[in-house]
Amino acid sequence: MKKIYDRWIRGKLSVFLCALMMIPGFLHAQQGGVISGKVVSAEDSEPLPGVSILVKGTNRGTVTDMEGDFSIQASSGEVLTVSFIGFQTTEIPVTTQTRYQISLNASLGDLGEVVVVGYGSQRRADITSAVSVINMENIGDVPTTNVSRLLQGQAAGVQVRQRSGRPGEEMEITIRGLGSLGAGSQPLFVVDGFPIGTSLGQNLNPADIESITVLKDAASTAIYGARGSNGVILITTKSAKEGKVGIDFVVNQGFTNVPDSRRTIMMNGPEFAQFKKESFQDRVRYFEGREPSLEEIPLEFRFPEQTQYSTDWFQEIMNQNAKFQNYNATLTAGKGDIRSLISVGYVNQEGAVINTNFDRFNVRANIDGKINDWLSMGWNIAASHSRENYASTDGRDALIGRALWADPRYPVYNEDGSFNSYIGGTNGVFGTANVVQELHEMERTLNTNNVLTNGYLEFSFLKDFKFRTSVNATLIGTEQKEFRPSTLAGTGFNQPPPREANLLQRADNVLNIAADQLLSYSKVFGPHRVEGLLGYSAQEETFKRLQGNGNEFPNDVNRYLNSAIRQTSSSGENSWSLLAYFARANYSLNDKYLFSASIRREGSSRFGANNKWGNFPAFSAGWRISEEDFMPQTNWITDLKVRASYGITGNNAIGNYSSLSNMAISNYVFGGNIANGQRLANFANANLGWEQSEQTDIGIDLAMFDNRLIFTAEYYNRLTNDMLLSVEMPIVSGFGSSLDNVGSVRNRGVELALDYRTRVNQVNLRSNLNFTLNRNKVLEIRGDNDEIWTGGFYSVYNVSKAGRPMAMLHGFKMMGIFNTEEEILAWPEQDGAIPGTYKYFDANGDGVISYDQQDMIEIGNPHPDYVINLTLGGDYKKFDFNILFTGAFNYDVMRNIEATTMNMDGVFNILRSGVNRWRSPENPGDGVGATTNTWKWQRESNSRYIYDATHVWLRNVSLGYAVPNNPVIPNARLFVSAENLFLFTSYPGSNPEVNQRGGINIGVDDERYPVPRTFTLGATIKF
C-alpha cells in the first residue's frame, strides 16, 4: 500500500512540471510518429505513474498515467530520457519500434522511499528534521533475542550499550546524550503507531521487524510531546506484500561462551595461601619489628605448596558452549484486497552462567486491506510467553563478584559428592556461600506473558482527506519466584548454613490502552504539495502488584507460601493518563523549498494541579539546492539539501503521584498494642511541571553518483530546562525533600554519517560509517543544591555541578604509595596512613587529607569523547558478508570491584597481579598494589581504580550463501554468524560498557553478568 501510494504521490508531483514542458512540444512542428509504452519498476514489475519522459535535446515531454502508460512524438534516431524520483535515470534510443516496455531500477538510497515518522509517513526527500532510518540490510544475521540489538552501531547519535550478557536482556539506548538529572533519559518506543513506553520488554520478535526509524531532534519528536525529549524509536512490524503469497522459515542454532581474554585472573589456591602467609609475616615485621617464626603462621598457610585444592570459582560457574536456538516461520497472503500475515517464533538461549537461561514463544497475526474504495482497515495482534531462570549476578556481593573473591583453597564438592556449603571463614578470610551450589539449589524464575494489539479503520473522502481511528492495547503479566533453601549459607559475609529458608512470590500486571483519532489531508496542485494532520490521542496505563513473602519452612521441598510459618503480603496499584491534541503541516514548493510545523498540547496526570498542560511546538525547513537552476547539471550530485529545525519537547519520566501528598504506613502503640496508622510521607507541589527541552538542529544531506554515496552531517544544541529534581526542604517542615523544577543541562554535538555503495565487476560492496560527538554540560542547579552527589564513599561518587558534565567521577586523587615514615611526615596529614598505603592529593590545601568528601575531586569522565561505528557488507554471486565494528573513545570507568579484588587485608582472594604489591621500602612492588598491613585508604573512592575504557568491538561477522534454485527448495540461503567476536581494549574488566548502576550513576563497574561470544549456523528457506 505504501509503495503504491508513494508512487502515486510522485506521479502527481511530476504532472505539473512535465505538463509545462509539453506545451512547447505541441506548438512545435512535429516530425516522426507517435510512440507509446509502459514504464515499470525493475524490482517487481509494478507500473510507475508520473514518470517524466523527455525527448533528449528537445522540449517535447510527457508523463506516465496511473497505469504507467505513455505516448510521445518521437523519430527514429532520437533518445528518450526517462527519469523518476527514487529511480535511476535511463536513456532509450528510438528505433522503428512503436511500443516500448521500460524498466527502471531503484536508486541506491531511494529519495522517494516512504519513511515512517510520528503519526504518519513522509518521503525521504521531503524530510527536514533529524531522522535516521535503520537499513535492515546492513544489520546482517544477528543471533539476538531482543530488538534493541538491531540498533547497535546503525545510526549516528544513537549509543547502544550491552551492559550485561544476561540472556534476553535489553540493551541501554541513549540518543544524543543524557538529558536529565532527575527524570529518565531513555527514548520512547513506538510499535506500529502505539507508544509503549521506554522499554521494549520481551514481546517483540526481531524476525518480525520490517523497519526502524529513529527520531532525534525536537522537530521530529515534538509530536509526542512530554515523552519526546530523549528521542523516539519507531518500529514497524512486517505485513503481507501485495500480490505475494509464500511461507518463510528461518532456523538458527549455535553456542555461546566467554573467552579467556574477558576473564579476571585471580590467585589460585597455592598462590592465595602464599599471599596469606606473607601477609602474616609482613604484619609482624612492621608492627613488631622482628622476623616471625613459622609457628606464628596459621597452619593452613604455613606450607602453600601443600595446598590441597585450587578452585577457579569463576570457571566453575561458567556454562561453556551454552546452546542458542532460534526458529521462525512466516506465512503471508498478499493477493486480493485483503492481505494477511501470520508468524510464529521460538528462541531458547542458555546463559553463559550455569542454570540460567531464557526462552520465548511468539505468535503474531495481522490483516489489512481495502473493504471498498473509501474504507480500509487493519488489525494486528502479537502475543508472547517468556520464561527465564535468572541469577543475582550484579555487584561484588552477587554471584559473579563472589566467584572472584571466594577462597580458592576449598573444593566445590565434599568427598561424598555433596556440595561443600560454606567456603572460607577462617583466619580472617570472609566466609561465603558456595556459588555453584547456589546456582543449582536456588529457584529464581520469571515468567512473562505479553499481548499487544492494535487496529484501525481509515475512511477516504472528498478525494484528498482521510480519517483514521485506531485503538491500541497491551497487557503484560509477570510472575516472579525466588526461593532460597536452608542448605545455603547466607547472602552476606560469615553466615554459615543452615539458615532460615525464605520465599518471595510476586505478580505484576500492566494494562496500557490508547486511542488515536487522525484527520489527514494531502494535495498536489501545480508546484505545490500540501500535507496536513489533526489528531487527538488519549492513553492510560494501570500497574498492579501482589506480593507475598514466607519464612520458616518445615522443609526445602514444599516451596509455596502456605507452607511458611511466617507469611507477609502486600499489594499496590498506580496509574497515569494523558490527553493530547496535535497538528502538523508540511509544505513543498517545486519539490525544493520544504517547510514543516507541528504543535502538541498535552495534559498529564503526573504533574501539579497548576501545570497539568504543556505546549510543544516545532518548526523545520529545508532547501534542496540540487533542484535549483543555478546548480550545474552534473552526474555526480544527485541531491543536496540543507535543513534546520527548532522545537520544544518534554519529559514526564518521574513516576506517578510525585506532585501529590502521599500517605505512608506508620504504626503506633495504643493501649499497649500495635495499631495500624498512616502519616503524610511527602510535601505536595501543585506547581510541578514539565521538564522541557529546546533543541536546534542544522543538517546537510548530500547524495552523489546516483545515490551511491550519501553523506549526512548534523549539528544540534539541546537545552533542558526546569529539570525535575528532589530538593531539600527545611527540617521544620517535617519533610526531607520535595520534587521541583530546578536547573538546566545542555547537550550539543556533531553527527556524521557516510553510506557508500559500489560495484566492482561482479562484487557489490556497501559500507556505513557514522560518527557521534556529544558534549554534555550542567548549566545551573538552582536552590541550595549547587551540586548533586550520588554513589558512596566506598565505591565512587557521581557528581553533577554547574559548569561540568553530568555525573563526573569524584574521589581522592592518588599521588602514589607511601614508602617510608619520613614520606608520611612530609606529606599533608593523613590519619592512619602507614608505609604501603596510598597517598592522596590535599585538594583544599588545608594540610589535612580528610577522611570524608572535602578532599575529593574530579577523577574521571564517564562520557566518551566520540563514538564511531562501521558496517561493511557486500555480495559476490551467491555469497554475501556483513561485518560490524562499534567503538567508544576516551572515557573513564571506575573498576569498583577492585576495591574488593585488590583489598589487601586478606579477607578476600585477590587478583594475581597482587603478587606485585607493596611489601617493604626495599620491595615497593609495582606502585599499584598497597600493603596488607591495613585496609584504611585502600577501598575508598579514588583514582587508583579509574581506567580508560576506550574500546572497539568486532560486534558481528556473518557470511551467507544462496543455494542454487532447485525444484524442491526454490529459494534457500545458508549463513554463519559470530557475535561479540573480539574486544580490543586496554580496560582490565570484561566489559567496558558495563555501566553498572545506570541513570546518572554511570561509569561504574562492580561486575555484572559476562558478555559472551555467540556462534551460530542457520538457514532461511522461502516457498
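Residues numbered from 1 in each chain as written. Predicted model: local features only at pLDDT ≥ 70, side-chain atom pairs only at ≥ 80, totals over all residues. Heavy atoms only, no water.

S.K.: Pulling in residues and values, what's your account of unusual backbone geometry?
M.R.: Across the junction of Pro497 and Pro498, the peptide omega takes the value 0°, indicating a cis bond. Positionally, Pro498 belongs in the loop between β25 (465-484) and β26 (502-525). Although it is not a glycine, Lys463 sits at a positive phi angle of roughly 70°. Inspection of the secondary structure puts Lys463 in the loop between β24 (443-461) and β25. For Lys463, a relative accessible area of 68% puts it in the exposed group. In this model, Trp937 sits at a positive phi of 70°, which is unusual for a non-glycine residue. Its location among the elements puts Trp937 in the loop between α10 (898-901) and β51 (946-948). (Helix = DSSP H or I, 4+ residues; strand = E, 2+ residues; numbered from the N terminus. Buried < 20%, exposed > 50% of the residue type's maximum accessible area, 1.4 Å probe, protein only.)

S.K.: Any chance you could break down the pattern of salt bridges for me, citing the residues and the numbers?
M.R.: A full pass over the atoms with the stated rule returns 66 salt bridges. Among the salt bridges present, the one from Asp69 reaches Lys38, with a minimum N-O distance of 3.2 Å. Linking Asp69 in strand β4 (residues 69-74) with Lys38 in strand β1 (residues 33-41), this pair joins segments that are 31 residues apart in sequence. In this structure, a network of salt bridges that share partners links the residues Arg176, Lys216, Lys641, Arg643, Asp697, Asp701, Glu714 and Glu751. (Salt bridge = Lys/Arg side-chain N within 4 Å of Asp/Glu carboxyl O.)

S.K.: Lay out the environment of Glu787 with the relevant residues and their values.
M.R.: Its place among the elements puts Glu787 in strand β42 (residues 787-791). On a C-alpha basis, the gap between Glu787 and Val133 in space is 39 Å, while along the polypeptide they are 654 residues apart. If we ignore the near neighbours within four places in the chain, the residues touching Glu787 are Val799, Ser800 and Lys801. A distance of 2.8 Å separates polar atoms of two side chains, one belonging to Glu787 and the other to Trp789. (Contact = heavy atoms within 4.5 Å. Polar contact = N/O pair within 3.5 Å; in protein donor to acceptor, adjacent residues only side chain to side chain.)

S.K.: Give a detailed account of the confidence of the model for the chain, specifying residues and quantitative values.
M.R.: Chain-level pLDDT for the chain is 88 on average; 92% of the residues reach the 70-or-more range. Taken together, the stretch residues 1-31 has pLDDT below 50 and engages in 68 contacts with residues farther than four places along the chain or on a different chain. (pLDDT = per-residue confidence, 0-100.)

S.K.: Residue-level account of helix α4 (residues 269-288), with values.
M.R.: Over its 20 residues, α4 extends 28 Å from the first C-alpha to the last, a length consistent with the 28 Å expected when each residue adds 1.5 Å. Among all positions of α4, only Gly269, Phe272, Ala273, Phe275, Lys276, Lys277, Glu278, Ser279, Phe280, Gln281, Asp282 and Val284 are buried. Those residues of α4 hidden inside the fold are in contact with α5 (299-302). Looking one or two places after α4, you find Gly289, whose phi comes out positive at around 65°. (Expected span 1.5 Å × (residues − 1).)

S.K.: So what's going on with the pairing of β26? Residues and values would help.
M.R.: Pairing of β25 with β26, which is carried by 20 bridges, proceeds in the antiparallel orientation. Across the sheet, the residue bridging to Phe483 is Leu503, located in β26. Summarising the sheet, β26 and strand β27 (residues 528-551) pair through 24 bridges and their orientation is antiparallel. The partner of Ser522 across the bridge, within β27, is Glu531. Two successive antiparallel strands, β26 and β27, enclose a turn made up of two residues, where Gly526 displays a positive phi of approximately 60°. (Pairing = 2+ DSSP bridges.)

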